[in-house]
Amino acid sequence: MKIVVSGTGYVGLVTAVCLAEKGNEVVCYDVVKEKIDMLNSGKSPIYEEHLEELMHKNKERITYTDDKVIAYKDADVIFIGVGTPEKKDGSANLEYIYKVADDIAENITKDCLVVIKSTVPIGTNYKVEKYITNKLDGKHKIEIASNPEFLAQGTAVRDTLEAQRIVIGTHSKWAEDTLKSIYSKFDKSVLVSTDINSAEMIKYASNDFLALKISYINEIANLCELVGANIEDVSKGMGLDSRIGNKFLNAGIGYGGSCFPKDTKALHTLANNLYDYELKTVKAAIEVNANQKLKLIRKARKYYETFNGLNVAVLGLAFKPNTDDLREAPSLVNIPIILEDGAHIKAYDPIGEKNYKKIYPTEIEYCNSVEETLKDTDICFIFTEWDFVKNMDINLYSKLMKKPIIIDGRNCYKLEDVKNKNILYESIGRDTINNL
Ligand code: UGA
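Source: prediction; values computed, not measured.

Colleague: What's the story with the domain arrangement of the chain in this structure? I'm lost.
Modeller: It is common to give the size of an interface as the accessible area that goes away when the parts come together. Here the domain parsing of the chain yields domain 1 (3-194), domain 2 (203-291) and domain 3 (295-434). Spacing between the C-alpha centres of domain 2 and domain 3 amounts to 24 Å. Taken together, the contact pairs 18 residues of domain 2 with 17 residues of domain 3. Between domain 2 and domain 3, roughly 1,500 Å² of surface is buried when both sides are summed, and carbon and sulfur atoms account for 49% of that area. There are 3 salt bridges connecting domain 2 and domain 3. The closest approach of N and O atoms between Lys 299 and Glu 225, which form a salt bridge, is 3.2 Å. Our count for the contact surface shared by domain 2 and domain 3 stands at 9 residue pairs in polar contact (both at pLDDT 80 or more). Elements that contribute at least two residues to the side of domain 2 that touches domain 3 include exactly α9 (196-227) and α10 (231-239). Per element, the largest residue contribution to the side of domain 2 that touches domain 3 is 4 residues, and it comes from α9.

Colleague: What am I meant to see in the nonpolar core here?
Modeller: Across soluble globular proteins, you tend to see nonpolar side chains buried next to one another. Grouped together as the largest cluster of nonpolar side chains are 37 residues, with contacts concentrated most on Leu 19, Tyr 64, Phe 79 and Leu 179. Ranked by residue count, the leading element in this core is helix α1 (residues 10-21), at 8 residues. If you look at the next biggest cluster of nonpolar residues, it comprises 34 residues, including Ala 221, Met 238, Leu 326 and Ala 347.

Colleague: Even after reading the chapter, I still don't get the sheet that holds strand β14 (residues 424-426), so can you show me in this structure?
Modeller: Hydrogen bonds along the backbone pair up the strands of a sheet, which may run parallel or antiparallel. Strand order in the open sheet formed by 7 strands is β11-β10-β9-β12-β13-β14-β15, and the pairing between neighbours is mixed. Only two strands of the sheet have a single partner each, and these edge strands are β11 (364-366) and β15 (433-434). Looking at chain direction, β14 and β15 are connected through 2 bridges and run antiparallel. Opposite Leu 424, over in β15, you have Asn 434 as the bridge partner.

Colleague: I'm lost on the pattern of salt bridges in this one. Help?
Modeller: Side chains that differ in charge, positive against negative, can pair when their charged atoms come close. Applying the stated criterion across every chain, the model contains 29 salt bridges. Across the pair Lys 68 and Asp 103 runs a salt bridge, and its minimum N-O distance is 3.4 Å. A residue pair is termed long-range when its members are at least 10 positions apart, and Lys 68 in helix α4 (residues 68-72) and Asp 103 in helix α5 (residues 95-107) qualify at 35 residues. For Asp 103, a relative accessible area of 2% translates into the label buried. Here Asp 241 ties to Arg 243 by a salt bridge, and the two come within 2.9 Å at their closest N and O atoms. Looking at Arg 243, the relative accessible area reads 74%, which means it is exposed.

The rules we used
- Residues numbered from 1 in each chain as written.
- Predicted model: local features only at pLDDT ≥ 70, side-chain atom pairs only at ≥ 80, totals over all residues.
- Heavy atoms only, no water.
- Domains from an automatic or database assignment.
- Contact = heavy atoms within 4.5 Å.
- Buried area = accessible area lost by both parts, 1.4 Å probe.
- Salt bridge = Lys/Arg side-chain N within 4 Å of Asp/Glu carboxyl O.
- Polar contact = N/O pair within 3.5 Å; in protein donor to acceptor, adjacent residues only side chain to side chain.
- Helix = DSSP H or I, 4+ residues; strand = E, 2+ residues; numbered from the N terminus.
- Core = buried A, V, L, I, M, F, W, Y, C linked by side-chain atoms within 4.5 Å.
- Buried < 20%, exposed > 50% of the residue type's maximum accessible area, 1.4 Å probe, protein only.
- Pairing = 2+ DSSP bridges.

Okay, here's the thing in structure tokens:
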């Protein structure tokens, strides 16, 4: 069976490599020649643990091409894993999906199954099926299937190989059986077979629920600060109830990344625009998140009305640890404000730095260690809970900073561990420690 995966971003590449790891032969196709050249030289264009390792291990089973004729010739199953970014009005931009649809219609040489892995608004699969079928004009037949992706960045390979669920939405037994055979070496007990619209909905409903859970705990954290409670204890106490669960109850400076911000807005916009239905809970999650992202600046303003002339340390730039992805990272909302005030920023994020330099090539001083970053600074912001932040010697703050004011957006330290340090420590949903 010839399997083609169109798009070599997080979803496409990880899917392709993991399908190969489970014994399938896969052709990866991308329009960006530089990405294909990189992949052909054994390098991954994205940072993801174990990915390059598995690319090497399965190199006999994966080929990479930017030639659509070669890619789609004799294809039996085509997975679409291209991006569906956010449009200005909050809806999903499907231009890349339809570009692939055009290529499929123009280049397939036999009947095949087209599987959409990208997150697309409910109803899109059927529309794409109709679109390709019309373009094919009877030359070949295609059928569509929805197989949403649930991998999280940083743990993408594990999330795929040891998937907690594999959702396949089909409208024929043939499509269902074809996908089941592709996933035959995965855990069968987690396979959920549904109709196409339900599969599309499972993806949005899951991401939006998790976003909601985060916004909820962030609001409770804000209230904890006002009433004098500790959000960590509150989360722990709540999470022990198996109906609530202890995951995604970490308060912080809001969710970022390429998924939650876009998927909450897309579902809200879809419900409003197409069905005149207001998803009030999702709307609240979006609003709370936008506000939460500015929380650290508001806290810092208590100590400095302006950051003008200050040396500001920043630990962590990425939207979460173990990724170089900056999309919707809280740091991107805060850093412009600090720069605008006229501060000098020293930042450290060994993985995220490369992409940050594309946005701020000269405006920020990029450092090579925590020590270099903290030296002679007046305040330190923590935007990402990298291990290097959580595991560092907390004494470094008072030893190296001019004024050790730490504004931690990710609750990296236990209050127990900072309460006797010579620092001023602000975190989320917990008491301020001020030993200055
Ligand atoms: C998310 C989902 O977790 C995946 O299941 C889904 O497949 C993916 O989106 C997608 O749609 O492709 P991802 O965006 O990689 O994955 O990252 P998450 O680990 O979910 O984190 C998202 C954001 O929430 C991060 O900014 C993180 O810091 C924040 N977060 C997470 C919290 O603030 N608190 C938490 O308790 C958990």
